[in-house]
Amino acid sequence: MSVITSEALKQNAARYAGRSTLLWLLLMVVLWGLSWPATKLALNVTPPLWLAAIRFGSAGICLFAFVALRGQLRLPSRQDLPIVASVGIMQMMVFTGLGMIAMRHTDTSHAVLLAYTTPLWGILTSWMLLKHAPSKLQLVALLTGMAGIGLICSPWEMQWDNPEVLMGAALLIIGAISWSLVIVHVRHHRWASSPLSLAPWQMLLAAVPLALIAWGVEGSPATIAFNANLLWLLLFIGPVATSLCFVISSEHGRRVSVFTMSNVTLGVPLIGAVAAVVFLHNTLSSLYIAGLLLIFSGVMLTTFAAVKK
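Residues numbered from 1 in each chain as written. Predicted model: local features only at pLDDT ≥ 70, side-chain atom pairs only at ≥ 80, totals over all residues. Heavy atoms only, no water.

A. Region of interest: the overall build of the chain. Secondary structure assignment for the chain yields 12 helices and zero strands. Counting from the amino terminus, helix and strand elements in the chain follow one another as α-α-α-α-α-α-α-α-α-α-α-α. Buried residues in the chain amount to 46% of all 309 residues. Total accessible area on the chain stands at roughly 15,400 Å², and carbon and sulfur atoms take up 71% of it. (Helix = DSSP H or I, 4+ residues; strand = E, 2+ residues; numbered from the N terminus. Buried < 20%, exposed > 50% of the residue type's maximum accessible area, 1.4 Å probe, protein only. Areas by Shrake-Rupley, 256 points an atom, 1.4 Å probe, with all protein chains shown as cover.)

B. Quick peek at the packing of aromatic side chains. Scanning the entire structure with this criterion turns up five aromatic pairs. Judged by centre distance (4.7 Å) and plane angle (55°), the ring pair of Phe95 and Trp179 falls under tilted. Here Trp179 lies in helix H7 (residues 163-188) and Phe95 lies in helix H3 (residues 81-103), a separation of 84 residues in the sequence. What makes Phe95 buried here is its relative accessible area of 14%. Feature note: the residues Trp36, Phe95, Tyr116 and Trp179 constitute an aromatic cluster, connected by ring pairs. (Phe/Tyr/Trp six-rings, centres within 6.5 Å; stacked < 30°, edge-to-face > 60°.)

C. Quick peek at the nonpolar core. In terms of nonpolar packing, the biggest core is built from 75 residues, with Trp36, Leu114 and Ile149 touching the most fellow members. Ranked by the residues each element gives to this core, the list is headed by H3, at 10 residues. Sequence-distant contacts of Trp36, defined by excluding residues within four places in its chain, comprise Met103, Thr108, Ala111, Val112, Ala115, Tyr116 and Val268. (Core = buried A, V, L, I, M, F, W, Y, C linked by side-chain atoms within 4.5 Å. Contact = heavy atoms within 4.5 Å.)

D. Spotlight on the side chain of Ser193. Tracing the chain through its elements places Ser193 in the loop between H7 and helix H8 (195-218). Those residues in contact with Ser193 that sit more than four places away from it in its chain are Asp80 and Leu198.

E. How the structure looks around a nonpolar patch on the surface. On the surface, Leu270, Val274, Val277, Val278, Phe279, Leu284, Ile289 and Leu293 cluster together into a nonpolar patch covering about 660 Å² of accessible area. Elements supplying a minimum of two residues to the nonpolar patch: helix H11 (267-280) and helix H12 (286-308). In terms of residue count, the dominant contributor to the nonpolar patch is H11 (five residues). If you trace the backbone, Leu270 turns up in helix H11. (Patch = residues over 30% accessible without salt bridge, like charges linked within 9 Å, V, L, I, M, F, W, Y side chains within 5 Å. Salt bridge = Lys/Arg side-chain N within 4 Å of Asp/Glu carboxyl O.)

F. Spotlight on the packing of H8 against helix H9 (residues 228-252). Interhelical geometry of H8 versus H9 gives an angle of 155° and a closest axis separation of 10 Å. Relative to H9, the element H8 is oriented roughly antiparallel. Seen along the crossing, H8 lies across H9 with a hand that is right-handed. From H8, Pro195, Leu196, Ala199, Gln202 and Met203 reach across to H9, where they touch Thr242, Phe246, Val247, Ser250 and Glu251. Residue classes in the contact of H8 with H9 are distributed as six nonpolar, three polar and one charged. (Axes fitted to C-alpha atoms, helices over the stretch in contact; angles between N-to-C directions. Parallel < 35°, antiparallel > 145°, perpendicular 65-115°, else oblique. Left-handed = near helix turned anticlockwise from the far one by under 90°. Nonpolar A, V, L, I, M, F, W, Y, C, P; charged D, E, K, R; others polar.)

G. Structural context of the side chain of Ser197. For Ser197, the location among the structural elements is in helix H8. Those residues within four positions of Ser197 in sequence are excluded, and the remaining contacts are Val67 and Gln72.

H. Unusual backbone geometry, seen in detail. Phi angles above zero are rare outside glycine, and His281 is one such case at about 60°. Along the chain, His281 turns up in the loop between H11 and H12.

I. Spatial organisation of the packing of helix H2 (residues 48-69) against H9. Running from amino to carboxyl end, H2 crosses H9 at an angle of 50°, the nearest separation of the two axes being 8 Å. Our classification of the angle between H2 and H9 gives oblique. Classified by chirality, the crossing of H9 by H2 is right-handed. Together, Leu51, Ile54, Arg55, Phe56, Ser58, Ala59, Cys62, Leu63 and Phe66 of H2 and Leu234, Ile237, Gly238, Pro239, Thr242, Ser243, Phe246 and Val247 of H9 make up the contact between the two elements.

J. Spotlight on H11. In this model, H11 (14 residues) spans 19 Å end to end at C-alpha, consistent with the 20 Å of a helix rising 1.5 Å per residue. Every buried residue of H11 is accounted for by Gly267, Val268, Pro269, Gly272, Ala273, Ala275, Ala276 and Leu280. Note on H11: the residue one or two positions beyond its end, His281, has a positive phi of about 60°. (Expected span 1.5 Å × (residues − 1).)

K. Layout of the confidence of the model for the chain. Taken as a whole, the chain shows an average pLDDT of 86; of its residues, 89% reach a score of 70 or greater. Considering each helix and strand of the chain separately, the mean pLDDT is smallest for helix H10 (residues 258-265), with a value of 65, and largest for H2, with 96. (pLDDT = per-residue confidence, 0-100.)

L. Looking closely at H7. Taking 1.5 Å of rise per residue, the 26 residues of H7 would be expected to cover 38 Å, and the 38 Å separating its terminal C-alpha atoms lies within 8% of that figure. Sitting at the amino-terminal end of H7 is Asn162, which places a side-chain oxygen 3.0 Å from the backbone nitrogen of Glu164. (Polar contact = N/O pair within 3.5 Å; in protein donor to acceptor, adjacent residues only side chain to side chain.)

The following block contains the structure:
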């Protein structure tokens, strides 16, 4: 009888842990999705490069404190220096910096969708750099997703007579390609330390150059009109939607399969697009929705293809 009770307790504990993990991941997706309209609002009064620097600077400070309290704060080993540079420069600095500049020139619903085409570009970068020929399913996924990107970036959906809109879309796609290169690197890197313990150093590596470039290009941060509303937005974008979500991703993302994690994160552009409609009064055309469905389908097929390997 005691054995059965023990097994039942273990099953209940595992079931509770699974539900808890899923709830944390859903919270992460909601926060990431809401960070897009929050960023758009902050960009109304904050230069884009300064906003990117503040985001990673504030999030990095929080993560340095969190990792130190856990007794895991140490300098990255030589083995992990390439991945620190890759994530810090290519993903955080380039992807976020270009993304924030782009959001000055395009609406949030388009920005979040184009930014999350990264898995599709991952197929291309892996094919071109590592000579990993895509499977038939990956090719279908790539063509499906590219058709969606084509619709979103078509002259019937975007204002091709406005160079700033086209520049914004181009910067978002370049940023997504940059992030895809990091994903390929992460998959093949042999980690000496945990991703969470390296995250503060990656954010520091992103924040310092961004601040220096921002000072040279956008001027002193003293020109930013800080007020209560902006401070709340900065608190949400940095410490909450960046550092807290990174902790959730590191702690709970490893407890689920790659398939589950990939499908959960598909909710980010959906929540971002819906939040842009609610808070920023963006409108979603039928062509945008068709492109959204094609890109979603392409990303989901990419995930299925990865699971089948």
